[in-house]
Amino acid sequence: MQRVLAMMAMATVMAACGPGYLDVDKKVVATDANRAVFSVLQRYQAAIENKDVDALKSLVSTRYHENAGTTDNAADDYGYDQLLQRLAMLRDNVKKVQLKLKLLDIQVSGNEASADYQYFGRVLLSEGGVDSYRTWDDFKRMTLAREQGQWKIVGGL
């Protein structure tokens, strides 16, 4: 019995020594750099679900820029100040949010990083006194930059 327990303990220790993965598909190795970027993605998800505008603002760089998915049309681009307005809409018009993220890839190069993910969302909106549910799913790339030692989102919300 002691021999079996010793073998089980050794197997557990050996398994714990491996690099591990951050994603279900075992494509994103759990390096320190990847964990730091993944942590931002997880905090983003939690802040959205909690409608925590202050937490969201703390994750975003003042250099934030979004092209709204249209690289050939700058008319729908927006930056940090317009993002803050959109976050206020989250707080004021959204009653409930469910957001699930599936990590697909993380790339880190110096002080820049990207996280590719698939998201699945459901939201209860209140517009003009009328409540309605909306669902969506899509693929997204969040881009980040290290600012004063912290990863900040610079695009892709």
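Residues numbered from 1 in each chain as written. Predicted model: local features only at pLDDT ≥ 70, side-chain atom pairs only at ≥ 80, totals over all residues. Heavy atoms only, no water.

Enquirer: Please clarify how the nonpolar core should be interpreted in this entry.
Expert: A general feature of soluble globular proteins is that nonpolar side chains tend to end up buried together. In this structure, Y44, I106, L144 and I153 are the most contacted members of the largest nonpolar core, which totals 34 residues. For this core, the secondary structure elements donating two or more residues are α2 (32-49), α3 (53-59), α4 (80-93), β3 (94-109), β4 (112-127), β5 (130-147) and β6 (150-155). The element contributing the most residues to this core is α2, with seven residues. What Y44 contacts, discounting residues up to four positions off in sequence, is L56, L59, L99, L101, Y117, M142 and L157. (Core = buried A, V, L, I, M, F, W, Y, C linked by side-chain atoms within 4.5 Å. Buried < 20%, exposed > 50% of the residue type's maximum accessible area, 1.4 Å probe, protein only. Helix = DSSP H or I, 4+ residues; strand = E, 2+ residues; numbered from the N terminus. Contact = heavy atoms within 4.5 Å.)

Enquirer: Hey, could you run me through the sheet that holds β3 in this one?
Expert: Two strands in a sheet stick together by hydrogen bonds in their backbones, pointing the same way (parallel) or opposite ways (antiparallel). Strand order across the open sheet formed by four strands is β3-β4-β5-β6, with antiparallel pairing between neighbours. Edge positions in the sheet fall to β3 and β6, since each has one partner strand and no second. Strand-to-strand, the axes of this sheet are offset by a mean angle of 30°, without reference to chain direction. Sitting on the sheet, α2 is in contact with β3, β4, β5 and β6, with an inclination near 170° to β3. Contacting β3 and β4, α4 crosses the sheet at an angle of about 140° to β3. (Pairing = 2+ DSSP bridges. Axes fitted to C-alpha atoms, helices over the stretch in contact; angles between N-to-C directions.)

Enquirer: Could you clarify how one ought to interpret the environment of Y80 in this entry?
Expert: Tracing the chain through its elements places Y80 in helix α4. Note on Y80: relative accessible area 19%, which makes it buried. Sequence separation between Y80 and K57 is 23 residues; the distance between their C-alpha atoms is 9.3 Å. Ignoring sequence-local partners within four residues, the contact set of Y80 consists of K57, V60, S61, T62 and Y64.

Enquirer: Mind showing me how you'd approach the pairing of β3 here?
Expert: Successive side chains on a regular strand alternate, one facing one side of the sheet and the next facing the other. Note that β3 and β4 share 14 bridges and pair antiparallel. Directly across from I106, in β4, lies its bridge partner A115. Linkage of β3 to β4, two consecutive antiparallel strands, is achieved through a turn of two residues, within which G110 is found at a positive phi near 65°.

Enquirer: Just checking my understanding: could you explain the side chain of S61 for this structure?
Expert: Topologically, S61 is positioned in the loop between α3 and β1 (65-66). Reaching out from S61, the side chain makes a polar contact with the side chain of E147 at a distance of 2.6 Å. Once residues within four sequence positions are removed from consideration, S61 is found in contact with Y80, E147, K152, I153 and V154. (Polar contact = N/O pair within 3.5 Å; in protein donor to acceptor, adjacent residues only side chain to side chain.)

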